[in-house]
Amino acid sequence: MRVGRVWTALAFAAPSPWMCAEPMKQAMDAASANVAAASQNAAAALDALEARAAARLRALGAQEETATPPPPALRSGFSISGSDTARRAEAEEKLRLMRRQDTGELEVEYMDSIRKAQLMARQWLHAGLAQRAEEELLRVEKYTSFKTDTGAAFHLELAAIISKQGGRENEVRRLRTRVMQEANSSSLRWQAERLLSASGGNFQRNEGSANEELSKLFKMPEWQ
């Protein structure tokens, strides 16, 4: 009986959980309401401030500032030096190819192309199409020399094809003159000189010309 009375007394003396939670909930709701009201007031104040600033700018006639263009990029000394180096390398490569062409080295490398072009040119010429024949030879002319037998004969053939078309005597004379002056073969130099003489062209005879060298070749030895 005494234990039951103690539990009964404790039950009436301690406050119920529901009675404690209710005031706390009310306090939290009140705090949330205050925060929401403060946020709304701050937003309204900010909107009002922006509106006043915009009105002031319109009153003063302010305009949006245009973006300032970036300054032009300056060319560095390195880029200029690199460009000069590239041009110098290109010039040296062209000079190297010209030397290989002059000595006939390119003819050895492109001999098949040269032979095929000559064959096609002769076929076009046989068909009466001298211009097409010339085009075939011009495609490979950059590989031929005026000094070698192959190159000198090639240019004499090109000159003959151009001559058949007429009206380009200066070009024909230029090709034949170079063969006469530069060819290593005395026979080819003599052919070029003979063609120039037949065409009535004026040309400068080199010392040791084709005729002189041919006369030396066929000169009989003197008997003593």
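Thresholds, definitions, all that
- Residues numbered from 1 in each chain as written.
- Predicted model: local features only at pLDDT ≥ 70, side-chain atom pairs only at ≥ 80, totals over all residues.
- Heavy atoms only, no water.
- Salt bridge = Lys/Arg side-chain N within 4 Å of Asp/Glu carboxyl O.
- Helix = DSSP H or I, 4+ residues; strand = E, 2+ residues; numbered from the N terminus.
- Buried < 20%, exposed > 50% of the residue type's maximum accessible area, 1.4 Å probe, protein only.
- Axes fitted to C-alpha atoms, helices over the stretch in contact; angles between N-to-C directions.
- Parallel < 35°, antiparallel > 145°, perpendicular 65-115°, else oblique.
- Left-handed = near helix turned anticlockwise from the far one by under 90°.
- Contact = heavy atoms within 4.5 Å.
- Nonpolar A, V, L, I, M, F, W, Y, C, P; charged D, E, K, R; others polar.
- Polar contact = N/O pair within 3.5 Å; in protein donor to acceptor, adjacent residues only side chain to side chain.
- Phe/Tyr/Trp six-rings, centres within 6.5 Å; stacked < 30°, edge-to-face > 60°.
- Lys NZ or Arg CZ within 6 Å of the ring centre and 35° of its normal.
- Expected span 1.5 Å × (residues − 1).
- Core = buried A, V, L, I, M, F, W, Y, C linked by side-chain atoms within 4.5 Å.

## Observations concerning the pattern of salt bridges
Right, on to step 1. As enumerated under the stated definition, the model contains 12 salt bridges in all.
Right, on to step 2. We note a salt bridge from E90 to K94, for which the minimum N-O separation is 3.7 Å. With E90 and K94 both in helix α3 (residues 77-103) and four residues apart, the pair spans about one turn of that helix.
Right, on to step 3. A salt bridge links E135 to R132, with the nearest nitrogen and oxygen atoms 3.7 Å apart. With a gap of three residues between them, E135 and R132 both fall in helix α6 (residues 130-138), about one helical turn apart.
Right, on to step 4. The exposure class assigned to E135 is partly exposed, which follows from its relative accessible area of 38%.
Right, on to step 5. A single network of salt bridges, built from pairs that share partners, joins R100, E105 and E109.

## Considerations on the packing of helix α7 (residues 149-165) against helix α8 (residues 169-182)
Right, on to step 1. Between α7 and α8, whose axes approach to 9 Å, the crossing angle comes to 160°. With respect to α8, the axis of α7 lies roughly antiparallel. Crossing handedness for the pair α7 and α8: left-handed. Between α7, through A152, H155, L156, L158, A159, A160, I162 and S163, and α8, the contact on the second element is made entirely by E171, V172, L175, R176 and V179.
Right, on to step 2. Among the residues forming the contact of α7 with α8, the class breakdown is nine nonpolar, two polar and two charged.

## Concerning the side chain of T144
Right, on to step 1. As for its position among the elements, T144 is in the loop between α6 and α7.
Right, on to step 2. With a relative accessible area of 2%, T144 lands in the buried category.
Right, on to step 3. Separated by 2.7 Å, the side chain of T144 and the backbone oxygen of E141 make a polar contact.

## Quick notes on the packing of aromatic side chains
Right, on to step 1. Scanning the entire structure with this criterion turns up one aromatic pair.
Right, on to step 2. Seen in terms of ring centroids, Y110 and Y143 are 3.8 Å apart; in terms of plane orientation they differ by 5°. Their pairing is stacked. With a gap of 33 residues between them, Y110 in the loop between α4 (105-109) and α5 (111-126) and Y143 in the loop between α6 and α7 connect regions that are remote in the sequence.
Right, on to step 3. For Y143, a relative accessible area of 16% puts it in the buried group.
Right, on to step 4. Seen from the ring of W124, R132 lies directly overhead, with NZ or CZ sitting 4.2 Å from the centre.

## Some thoughts on α7
Right, on to step 1. Taking 1.5 Å of rise per residue, 17 residues should cover 24 Å, and α7 covers 25 Å from first to last C-alpha, within 8% of that figure.
Right, on to step 2. When we look at burial in α7, the residues that qualify are T150, G151, A152, F154, H155, L156, E157, L158, A159, I161 and I162.
Right, on to step 3. Those residues of α7 that are buried are in contact with α4, α5, α6, α8 and α9 (186-198).
Right, on to step 4. Among the residues trailing α7, G166 stands out with phi positive, at a value near 75°.

## Thoughts on the packing of α5 against α7
Right, on to step 1. Where α5 meets α7, the axes come as close as 12 Å, and the angle between the chain directions of the two elements is 25°. Taken together, α5 and α7 sit at an angle that is classed as roughly parallel. Helix-helix and strand crossings are classified by hand; for α5 and α7 the assignment is left-handed. Contacts from M111, I114, R115, Q118, A121, R122 and L125 in α5 reach T150, F154, E157, I161 and K164 in α7.
Right, on to step 2. Class assignment of the residues belonging to the contact of α5 with α7 gives a composition of six nonpolar, two polar and four charged.

## Thoughts on the nonpolar core
Right, on to step 1. Residues L137, V140, I161, L175 and V179 are the most contacted members of the largest nonpolar core, which totals 25 residues.
Right, on to step 2. Counting only elements with at least two residues in this core, the list comes to α5, α6, α7, α8 and α9.
Right, on to step 3. Top contributing element to this core by residue count: α7, with seven residues.
Right, on to step 4. If we ignore the near neighbours within four places in the chain, the residues touching L137 are A117, Q118, A121, F154, E157, L158 and I161.

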